Every structure is written in structure tokens, then in C-alpha cells.
Amino acid sequence: MDLNKLTTEKRNERSMNLDTLSTEQVIRLMNEEDAVVPKAIEQIVPTIAKAVDAITARFKKNGRLIYIGAGTSGRLGVLDAVECVPTFGVPPEKVVGVIAGGDRAMYRAVEGAEDSPTLGQQDLTALSLTKEDVVVGIAASGRTPYVIGALTYANEVGAETIALSCNQDAEISAFANIAIEVIVGAEVLTGSTRLKAGTAQKLVLNMLSTASMIGIGKVYNNLMVDVQPTNEKLRVRAVRIIQQATECTEEQAQEAFEQSGEQVKIAIVMILFDQTKEQAEETLVQNQGFIRKTT
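Residues numbered from 1 in each chain as written. Predicted model: local features only at pLDDT ≥ 70, side-chain atom pairs only at ≥ 80, totals over all residues. Heavy atoms only, no water.

Student: So what exactly am I meant to see when it comes to empty space enclosed by the protein here?
Tutor: Empty space left among the atoms is revealed by rolling a probe the size of a water molecule over them. The tally for this structure, following the rule as stated, stands at 1 cavity of 30 Å³ or more. Around the largest cavity, the lining residues are Met30, Glu33, Asp34, Glu187, Val188, Leu195 and Lys196. Broken down by class, the residue content of the lining of the largest cavity amounts to 3 nonpolar, no polar and 4 charged. (1 Å grid on protein atoms, 1.4 Å probe; cavity = no way out; pocket = protein on both sides within 12 Å on 5 of 7 lines; lining within 4 Å. Points joined across faces, edges and corners; volume = space filled by probe spheres on them. Nonpolar A, V, L, I, M, F, W, Y, C, P; charged D, E, K, R; others polar.)

Student: Help me understand unusual backbone geometry in this model?
Tutor: One non-glycine residue, Asp169, lies in positive phi territory at about 55°. Mapped onto the elements of the fold, Asp169 is located in the loop between strand 4 (160–165) and strand 5 (178–181). Under the relative-accessibility criterion, Asp169 is labelled exposed at 66%. Backbone geometry at Asn221 places phi at a positive 55°, although glycine is not the residue there. Counting through the fold element by element, Asn221 comes out in the loop between helix 7 (196–214) and helix 8 (232–246). (Helix = DSSP H or I, 4+ residues; strand = E, 2+ residues; numbered from the N terminus. Buried < 20%, exposed > 50% of the residue type's maximum accessible area, 1.4 Å probe, protein only.)

Student: Sorry, what's going on with the pairing of strand 1 (residues 65–69) here?
Tutor: Along any regular strand, the residues point their side chains to alternate faces of the sheet. Burial within strand 1 is extensive, with 5 of its 5 residues counted as buried. The side-chain alternation of strand 1 yields two buried faces, one formed by Leu65, Tyr67 and Gly69 and the other by Ile66 and Ile68. Direction of pairing for strand 1 relative to strand 2 (residues 95–99): parallel, over a ladder of 5 bridges. Each residue of the ladder has a partner; that of Gly69, found in strand 2, is Ile99. For the crossover from strand 1 across helix 4 (residues 71–88) to strand 2, the handedness is right-handed. (Pairing = 2+ DSSP bridges. Right-handed = clockwise from strand over helix to strand, strands pointing away.)

Without other data, these values stay purely geometric and don't point to any function.
Put into C-alpha cells, the structure is as follows:
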């Protein structure tokens, strides 16, 4: 593979004298280059929406969303997956982040892990991948063997496959049903795809998880109604969400929060429809977890 053909590996003409710039000039240049990212994502919004619809459909069949990648790409996938648990109240096995080299690769590079397509397949096999799942292969370069191996196996199983890269006509795109290619151009620091490419991947992953969670009823208005109140800050936020969703008093929100067993969505339905906890639970079951369908 000729890396010079990859946009992510090209030299940025604007930063050829990067080492001679003042600190402020470096920061300003980086900021200007970062501004390219949302514009690049804007060009592929329909493709991202298609991916979200595919993920939502699999969620409704009790499938999982599995991110898989190496290095920075893998770490970003793990980050997004981990955050879904407290934000949307899903079990950790619902959205899974897999990184080449395992957990230790989150903190230190594991030599050669990304070069093995077999390892990508093995990691998905260990998760007992099924046809109801979605596998999102993440690779800024779009050519990581580990990700290609994972997507190849996912296709064999019949899982939905999505590729996320930052190069045009990326190699991994050929191994996915849906190809998301965010073309952000050459990095300020040549080849350092933790910069613009990493930012682009982070934004797209935010969209995939957040929008698909909206699609299965995890959001009411623009509120995180399935947030997990695992600490004092989040308990305060939970009561505030109940207030905002129902326009009740803080005292009413606190009471419903406690009566619901600290389940924000249940508390909201209890107040909106003057129901007991048991009645609210049944209401949500009947409406597939959506508050909106009950109003």
C-alpha cells in the first residue's frame, strides 16, 4: 500500500513550517484546520442517517451495536460505548467497544495487533456475534487489517456492517453495507490522525449512538430520561430532568424520583398521567419505552 495516496497521510501545505511558528500561530492554525471537520461531515449526513436507521432497526430486534478498531480509532469506539451506559441507561453489553490488543491497548499500543485480520474475527467471535448485531469498523486510514478481518467475519455471520474512515474510496468501505467516509484532508502534523480525523470520528460516533438511542425511546423532548443516577451530581440532574419534562415543582419531582426507585422515565410518566409506579411501568411497556407515544 502506497501511503502517499491516502489523504490522511499527505503533508498539509499550510503547516510545512510548523516547527517555526509561535505558540499562538500553531494554535490558530490547528483551530482553523479543525473547522474543516463539521463541514466535511455535513457532506455525508444522509449516509450517517442511513447508518443510524440500520442501527435502530437492529436495536429493536434486541441486537447490539459493536464498535471495533485499532489505536485511536479503537479508543474512540470504546469511549462512545462506555458513555452510553450512564447516558441512556443501557446495559454495557448493548453497546460494545472492541480495540485491537484488548483492554491494555487503551493505555499503551500493542505491537502488531492492528495488522492481524484473524484477530479481528477472533474478537467478534468471543462476543458471540449474531445476525441481529451491528458492527461498525473504525479506521481513519480505511485500511487496517484488523478491522477488515472483523467486517469480513461480520458479513459472513449476517450482521449489519458499517465502515467509518477518513479517506475517499477507503479499503474498508468495500467490506461494509454502509460506508461513511469523512474527508477532512491532511493533518497539521503529518499522519497524526488523532487530530482532525479523530475529531471527525468522535463526532460521527456521537451521532450514531445518540440518534439511534432517540430511535428506541431513550429521549423525551431533548432530555436524557434514562440517565443512570450513579452519583450525587447525576441524582440532582435526574430530579431536574423530571421537573423540566413535567413542569412540576422540585418537591414533586423529588418525591416521584424516590417512589419510582430513582428511575427518571418512570417518574415522568407517573407525574404526567397521575399513575403509580406499577401503572407507569405498564404504560411504557405498552408503548415500547417511548414517553412521547403516551402523550
